[in-house]
Every structure is written in C-alpha cells, then in structure tokens.
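# What the coordinates show
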Amino acid sequence: MNTKTHYPTRILSVFLILLILACQENKTQNYSFEIGGTRDATLTAPPHVPTTDLNRTHALKQTVHLEIIEHVREIAEGVDYTFWTFGGTVPGSFIRVREGDQVEFHLMNHPDNKMPHNIDLHAVNGPGGGATSSFTAPGHETVFSFKALNPGLYVYHCAVAPVGMHIANGMYGLILVEPVEGLPPVDKEYYIMQGDFYTKGDHGDRGLQPFDMRKAMEEDADYVVFNGSVSALTGDNAITAEVGETVRLYVGNGGPNLVSSFHVIGEIFDKVHIEGGDAINENVQTTLIPAGGATIVEFKVDVPGTFILVDHSIFRAFNKGALAMLKVGGTEDTTIYSGQQDDRIYLPEGGTPQELPQSEVLKEPIVGLQAKIEAGKVVYTRVCQACHQAEGQGIPGAFPPLANSDYLNSDVDRAIAVVIHGLSGPIEVNGERYDAVMPKLDLSDEEIANTITYVLNSWGNSGGEVTEEQVLAQRDKESPQTSSIH
Ligand SMILES: [Cu+2]
C-alpha cells in the first residue's frame, strides 16, 4: 500500500463529509420559525398525499378549508352507506404542514347536511384539539388557528356526541406535521386509513344499510376496510410502484373500536416510524396501529407482483374487507424471489358469518320515575344533546329548543312520534319557525320513553312520565311529518 497516493483522497473525503454535515446543519439553522408568508394548504383525497416543499426557508401561515359532506356511497358491492366525511372521502382529505407553521382552520358544514360536526386534530395543543372551537351547525363555517408545534403523523376526527357514531360514519383523516428538516425523499407516497363499520344487516346484505349503534357498542364490526370501502384499493384501484422504488405509506386507524395489526404480505418494513412519532424501528413484519393513531412505514420493493396489505387479525382481511393491494411492475429478480405468483388465491372470500344459537339475555327493567329520568338523561347526552344542546336550549335557526317547548308540552304523543320517525318540514316552536330535518334515531321503546320523560322533567317543561306502551302506540302510526301538515 502506498500511503502517499491515498493521502489526498482521504483529506478530500473528510472534507466532503464535513461539507455534507455543514449543509445539513444549515438546513435547520437557516430555517426561520418566524411566519414568512401565507398560502392556502393543498389537500388531497386518499390515497394521494400532497407533495412536500423542502426548499422553503421559513415557517408559513397555511389556511385549511375543509368541507364536511354527508352522502351515500358504496361500502361494498351492492351495499350503500351514508358516510359523514371531511372533504367528501373516507378517510378525509390529507393535510400536510411543516413544524412551526401557523394553521388557520376553516371548517364548513354543507347546508344540505343534517348533523352538526366539529374537528379534533391530534396535532393541536389546545382544548379538545380544536373541537371546543369548531362546533359547526349545517350551513355554518367556523374558524380557529393553531401552531404546529410537534412533528409527526396525527389523526383528526369529529368529536360531536355521540362521538363514536360520528367516527363510525367515517369522520376521520390524517394530518402530517413534517419535521423542519423534512422526511428523506422516497419514490412513492400513499395515504391509507383503516376503519370499522357497523350496519343493521349482516356483512354483504344489499341496499342502503343504516348505522347500528348496538353492534358498534359491542365492537361487533360488519366491515373493516381501508379507505372507506371493501374495494377502495384493490384491482384497478390498487396503489402502484416499480421494482427498485422506495414506498412510504402514511397509515392511520380511525377505529372507532378496532386496533390494526398492519401488515404487507410479502414485504418487510425497512423502517417504521412507531405510532407516527420520532422513534424509528427497522425490519418490521407487522406494526400495531391503535384506534385514533397512525404510523409511517417505508420499504423498498425488490420484485414485481401484487402485494396484499391487510389487518393481520386475518378474518377482518378475508371476511370483512381489510384488504388492499400494491401492484409492483418491473423485471423479476429470481435471486430474491423465484416461484409462481397468483392474485386469485388472495381475493376476498366474502361470506356471511355463521350464526350461533343465542340465548335470550334478560335485563333488569328500569322502574320508578327517578330511575327513568336518570336513564333518559344518559340517552339525551349521548344522542340528542349534539343538536338540542345541554340545557335543551337548541340553536336558533337550526335546532328548536326542548326547554319550555310549547310544541312538546302541548302534545307529548306527537313528540314521541317525532323521536320514533324523525321530522322534516316547517314547524313552530315558541313562536319561532323551524324548517330543518331531525333524522330517525333507531332507539328502543324504553330508551325513547326514558329520554322524553327526562326532557319533560327538565328545563321548565310540564313534567309527566312516558311509558313504553305509549311509545309502542306511536310506532304503528304514520310519521308526524305527513300528519302534522294542515
Ligand atoms: Cu361529526
């Protein structure tokens, strides 16, 4: 070895390393956390992710406009569901900001919507993650601002009561607060989010399927899906990459109930940003994503083929829909993998869950006026309060008051019918005209009897007790929206 010839090379490489280190230092050092400009944030629909802008040298004020839309879409072939969405999609639009950015958040609730909504962003340092500042009735727009202090990948979701129902209907998405030095460049980035759904019918029952509160409380999901439907990311909708490319997946779990064992069949995650935070684990097969949590996984694809993304709680994948596809094109490398691949063996099996004989569960009846009032208050808080408000005061122009309501007190049977069947069309309450929609709520006779008993004994109403028989009698009658128009 002739050290003389190597000496300059060595100096040069040391110099180069120092230069690289200096540049990296500079990237953060020269970055100003003073707000140096304003722009509208670019939002994307899943599975797409807004591009990064690592060249900027200062924090920005970014304005986010997110519109809530309630609409019917397919959850599986031939099965419709009324989704409540942030931006029209499940999951909601992807938001990408940078550590240090100021975010001015505009939440718009479309006038055709029936429900009030808000937003809790896990990226926010503040009460309710923004929820306490963003309660938005249909036809309204609310605004609040926050500073993106902590880098990471965060879930956002609606937090209006009943919170579980709003989340179960699809009200969640992801916000990335990119670290100031940026994430390393990759070839492909995608946005995927798991969610569990609860329908009146069984998995696969056709037609428009209403939300089932009881199954949701029992965590007995009919559908577990990526990106809002069984086939959102399969077949022609699969995400794609080419051999040799690096792929980064931003994966969230909206829940409301289930924890995801996220796995890509035939791939190993080179890196996992555990729970969307700073810690990076390497060479991971399956990573846990809590409900209301997220993770960033990165891997290089080495061979072509169809790679199946699943929740490795595997009945969910093959029987409930938690299955997506990554199609990789390019030339084979038989030293890494040789053998036949066949998409068909991975197709969802579908199928109806087997019925097991159920024994009747007898529950304690609620007796006595005070017990009914207390039970009714629980239902009121869970179901009615979101619209009619905590003290029954309502919201002018949108939700009529139940406090001291002449409409309620003058005809209790009519009020029972309103809760059973829902109500639309013009009514007058305490001299004010309302022309909105109260949805059908799918409560049991007992729940309705208790809730109206609670309302009658609160906020200056006339008192009294409603029985289950009284509710049952209204079930068979036609809805008050047709009978009350004179
Ligand atoms: Cu909501």
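Coordinates for the structure precede this section.
Structure report, in brief.

Now for the overall build of the chain. Check the secondary structure of the chain and you find 10 helices and 25 strands. Sorting the 486 residues of the chain into buried and exposed places 48% on the buried side. Taking all contacts inside the chain whose residues are at least 6 apart in sequence as the whole, residues at least 24 apart take part in 70%. Accessible surface for the chain amounts to roughly 23,800 Å². Of this, 53% is attributable to carbon and sulfur atoms.

Below, the discussion takes up the environment of asparagine 113. As for its placement among the helices and strands, asparagine 113 is situated in the loop between strand S5 (102-109) and strand S6 (120-121). Asparagine 113 sits 29 residues away from tryptophan 84 along the chain, and the two C-alpha atoms are 8.9 Å apart. The contact partners of asparagine 113, leaving out residues within four places of it in the chain, are Ile68, Ile69, Glu70 and Pro138. A distance of 2.8 Å separates the side chain of asparagine 113 from the backbone oxygen of isoleucine 68, its partner in a polar contact. For asparagine 113, the side chain forms a polar contact with the side chain of asparagine 109, separated by 2.7 Å.

Attention now moves to helix H8 (residues 445-456). Its 12 residues place the ends of H8 16 Å apart at the C-alpha level, agreeing with the 16 Å of an ideal helix rising 1.5 Å per residue. Counting buried positions along H8 yields 12 of 12 residues, so the element is predominantly enclosed. Residues of H8 that are buried: Asp445, Glu446, Glu447, Ile448, Ala449, Asn450, Thr451, Ile452, Thr453, Tyr454, Val455 and Leu456. Looking at the buried positions of H8, the neighbouring elements they touch are helix H3 (213-217), helix H5 (369-388), helix H6 (406-410), helix H7 (412-421) and helix H9 (468-475).

Before going further, it helps to examine the packing of H8 against H9. Contact pair H8 / H9: the axes reach a minimum separation of 8 Å and the direction vectors enclose 115°. Taken together, the axes of H8 and H9 are roughly perpendicular relative to one another. Regarding H8 and H9, the two cross each other, and that crossing is right-handed. In this structure, H8 uses Asp445, Glu446, Ile448 and Ala449 to contact H9, whose residues at the interface are Glu468, Val471, Leu472 and Arg475. Residue classes in the contact of H8 with H9 are distributed as 4 nonpolar, no polar and 4 charged.

We now examine the side chain of aspartate 445. Looking at where aspartate 445 falls in the secondary structure, it is placed in helix H8. A polar atom in the side chain of aspartate 445 sits 2.5 Å from the side chain of arginine 475.

Attention now moves to the coordination of the copper ion. Metal coordination angles in their ideal form are 109.5 degrees for the four-donor tetrahedron and 90 or 180 degrees for the six-donor octahedron. Only His117 (ND1), Cys158 (SG), His166 (ND1) and Met171 (SD) from the protein reach the copper ion as donors, at distances of 2.0 to 2.5 Å. One way to put it: the 4 donor atoms around the copper ion meet at angles of 87 to 137°, and that makes the site irregular. Counting along the primary sequence, the residues that act as donors to the copper ion give the motif H-x40-C-x7-H-x4-M. Taken together, the residues histidine 117 in the loop between S5 and S6 and histidine 166 in helix H2 (residues 163-168) connect sequence positions 49 residues apart. An identical accessibility class is assigned to histidine 117 and histidine 166; each is buried.

Moving on to the pattern of salt bridges. Scanning the model with the defined rule gives 16 salt bridges in all. Here glutamate 104 and lysine 61 are joined by a salt bridge, their closest N and O atoms 2.9 Å apart. Of this pair, glutamate 104 sits in strand S5 while lysine 61 sits in strand S2 (residues 58-76); the two residues are 43 residues apart in sequence, bridging distant segments of the chain. In this structure lysine 61 comes out as partly exposed when scored by relative accessible area, which is 28%. A salt bridge links lysine 188 to glutamate 245, with the nearest nitrogen and oxygen atoms 3.0 Å apart.

A separate point is unusual backbone geometry. Cis peptide bonds are those with omega within 30 degrees of zero, and the linkage from proline 46 to proline 47 qualifies with 5°. For proline 47, the position within the fold is in the loop between strand S1 (32-40) and S2. The omega torsion across alanine 161 and proline 162 is -10°, close enough to zero to call that bond cis. In this fold, proline 162 is placed in the loop between strand S8 (152-157) and H2. The backbone of asparagine 283 sits at a positive phi, close to 60°, despite the residue not being glycine. Structurally, the position occupied by asparagine 283 is in strand S17 (residues 280-284). If you check the backbone angles, tryptophan 459 has positive phi at about 50° while not being a glycine. Summarising the element assignment, tryptophan 459 is placed in the loop between H8 and H9.

Axes are the key here: two packed helices are described by the angle between their axes and the distance separating the axes. For the pair H7 and H8, interaxial distance at closest approach is 11 Å and the crossing angle is 130°. In terms of orientation, H7 and H8 fall into the oblique class. Crossing of H7 over H8 shows right-handed handedness. Between H7, through Val412, Ala415, Ile416, Val419 and Ile420, and H8, the contact on the second element is made entirely by Ile448, Ile452 and Leu456. Taken together, the residues of the contact of H7 with H8 sort by class into 8 nonpolar, no polar and no charged.

Right, let's get into the environment of histidine 157. Within the fold, histidine 157 resides in strand S8. Once the C-alpha coordinates of histidine 157 and alanine 131 are considered, the two residues, 26 residues apart in sequence, prove to be 9.1 Å apart. Not counting residues up to four positions away in its chain, the partners in contact with histidine 157 are Phe86, Asn118, Ile119, Asp120, His122, Ile167, Met171 and Tyr172. Looking at histidine 157, its side chain comes within polar contact range of the side chain of histidine 122, at 3.2 Å.

What follows is about the pairing of strand S7 (residues 141-147). Two faces belong to every sheet, and in a regular strand the side chains alternate between them. Side-chain alternation along S7 places Thr142, Phe144 and Phe146 on a buried face and Glu141, Val143, Ser145 and Lys147 on a face that remains uncovered. Relative to S7, S5 runs antiparallel, the two being bridged by 7 bridges. Counted as the bridge partner of histidine 106 is valine 143 from S7.

Conventions and cut-offs
- Residues numbered from 1 in each chain as written.
- Predicted model: local features only at pLDDT ≥ 70, side-chain atom pairs only at ≥ 80, totals over all residues.
- Heavy atoms only, no water.
- Helix = DSSP H or I, 4+ residues; strand = E, 2+ residues; numbered from the N terminus.
- Buried < 20%, exposed > 50% of the residue type's maximum accessible area, 1.4 Å probe, protein only.
- Contact = heavy atoms within 4.5 Å.
- Areas by Shrake-Rupley, 256 points an atom, 1.4 Å probe, with all protein chains shown as cover.
- Polar contact = N/O pair within 3.5 Å; in protein donor to acceptor, adjacent residues only side chain to side chain.
- Expected span 1.5 Å × (residues − 1).
- Axes fitted to C-alpha atoms, helices over the stretch in contact; angles between N-to-C directions.
- Parallel < 35°, antiparallel > 145°, perpendicular 65-115°, else oblique.
- Left-handed = near helix turned anticlockwise from the far one by under 90°.
- Nonpolar A, V, L, I, M, F, W, Y, C, P; charged D, E, K, R; others polar.
- Donors = N, O, S within 2.8 Å, 3.2 Å for Na, K, Ca; no water.
- Tetrahedral: all angles 85-135°; square planar, octahedral: opposite > 155°, others 65-115°.
- Salt bridge = Lys/Arg side-chain N within 4 Å of Asp/Glu carboxyl O.
- Pairing = 2+ DSSP bridges.

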